[in-house]
Amino acid sequence: MALTIQGYAAQSATTPLAPHRFERRDPRPDDVVIDILYCGVCHSDIHQARNEWHNSIYPMVPGHEIIGRVSAVGAEVNKFKVGDMVGIGCMVDSCQHCGACHAGLEQYCAEGATWTYNGIDRRDGMPTFGGYSERIVSSDKFVVSISDKLDPKAAAPLLCAGITTWSPLRHWKIGKGSKVAIVGLGGLGHMGLKFAKAMGADVTLFTRTPDKEAEARRLGADHVVLSTDPAQMKAVSRAFDFILDTVPSPHDLNPYLETLNIDGTLCLVGLLEPIEPAVAAHNVVIGRRAIAGSAIGGIAETQEMLDYCAEHGIVSDIEMIDIQNINQAYERMLKSDVRYRFVIDLASLKKAA
């Protein structure tokens, strides 16, 4: 029988999130049923709930930074058992047969990954609903293990903010001797600082806010550059091998490109649509510089990241909230009034709205 679930949903682009009951599918033989304990709040949740990417399906239950305990497993599942602490990130399925999927890059599936929410199940055509809810059902291939060395609350944002910054740093082989800069100190940026420092890089934060220096250094920055100060920017001309740009809104890339060394790469992990102002060709051509992009990570890479975090004691800096406060949390996020990720305690679903 289908599972009747309690959660919070957006009914339209202009209405606040509110209590909503919906159905999840009858678990399949390869499914894992998870009682959700915690769910991180990603800026993507706001974009999707408010239809800012023009692809929203309503009613929508957001949430793709999910931590919970296994409450049931299908007959074909042998990787997980009831009681295990597990996680689900941005995807719950993919085609499993294209080149990207075979390479462990399910996020780049040629047929399109099935997203944890605001997606369509590729097998039954039903909409997918996310982690602002009491329970979720997913194929075991898209469930990851959470070490008991990790605080499960603070591990929730690793499923999106963590893997989004880990994947490009690993792909571009950041390590000892690398000169790395992070643009932006938010949910993604603070994880970029932690990872780059743990990997052995010399790490710089670019920020527009002078009072963030002490906080940036606490999180792993060796240097802080005020990006609005021409003298400071000139002082780091050709200084970096790799820049991880975490800012999700349009901004000028040209000043950052000028700080890349020969063969340096500026990697976008925010959806800057469009890129404005235009990139000056000489900032790329002179120096053989590259502008690249990266989206989350595959399932094996996500598990690798989680295991690394458990080994090195890395989690997100979080602020816990009740689900009843989600709309206020959205407004605070838009003002950058969170350090650095909200995480919902789903036990609060049992409270009166």
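One can find the structure itself at the top, above this paragraph.
Residues numbered from 1 in each chain as written. Predicted model: local features only at pLDDT ≥ 70, side-chain atom pairs only at ≥ 80, totals over all residues. Heavy atoms only, no water.

*Asks:* Summarise the side chain of Gln303; cite the residues concerned and give the values.
*Replies:* Turning to its location among the elements, Gln303 is positioned in helix H10 (residues 299-312). Looking at Gln303, its side chain comes within polar contact range of the main-chain nitrogen of Ser145, at 2.8 Å. Leave out the neighbours within four places in its chain, and Gln303 touches Val144 and Ser145. (Helix = DSSP H or I, 4+ residues; strand = E, 2+ residues; numbered from the N terminus. Polar contact = N/O pair within 3.5 Å; in protein donor to acceptor, adjacent residues only side chain to side chain. Contact = heavy atoms within 4.5 Å.)

*Asks:* With reference to specific residues and values, describe the nonpolar core.
*Replies:* By size, the foremost hydrophobic cluster in this structure holds 51 residues, and its most contacted members are Ile67, Leu169, Val180, Leu193, Phe195 and Met305. Of all the elements in the fold, those that place two or more residues in this core are helix H4 (161-171), strand S10 (179-183), helix H5 (187-198), strand S11 (202-207), helix H6 (213-219), strand S13 (240-245) and H10. Residue contributions to this core peak at 6 residues, all from H10. Once you skip the residues sitting within four places of it in the chain, Phe195 turns out to touch Gly162, Thr165, Trp166, Leu169, Met305, Cys309 and Ile314. (Core = buried A, V, L, I, M, F, W, Y, C linked by side-chain atoms within 4.5 Å. Buried < 20%, exposed > 50% of the residue type's maximum accessible area, 1.4 Å probe, protein only.)

*Asks:* Summarise unusual backbone geometry; cite the residues concerned and give the values.
*Replies:* The peptide bond linking Glu276 to Pro277 adopts the cis configuration, its omega dihedral lying at -5 degrees. Within the secondary structure, Pro277 is located in the loop between strand S14 (260-268) and helix H9 (282-285). Positive phi, normally seen in glycine, also occurs at His54, with a value near 60 degrees. Tracing the chain through its elements places His54 in the loop between helix H1 (43-49) and strand S4 (66-73). Of note, Ile296 is a non-glycine position whose phi angle comes to about 30 degrees, a positive value. Secondary-structure assignment places Ile296 in the loop between strand S15 (290-293) and H10.

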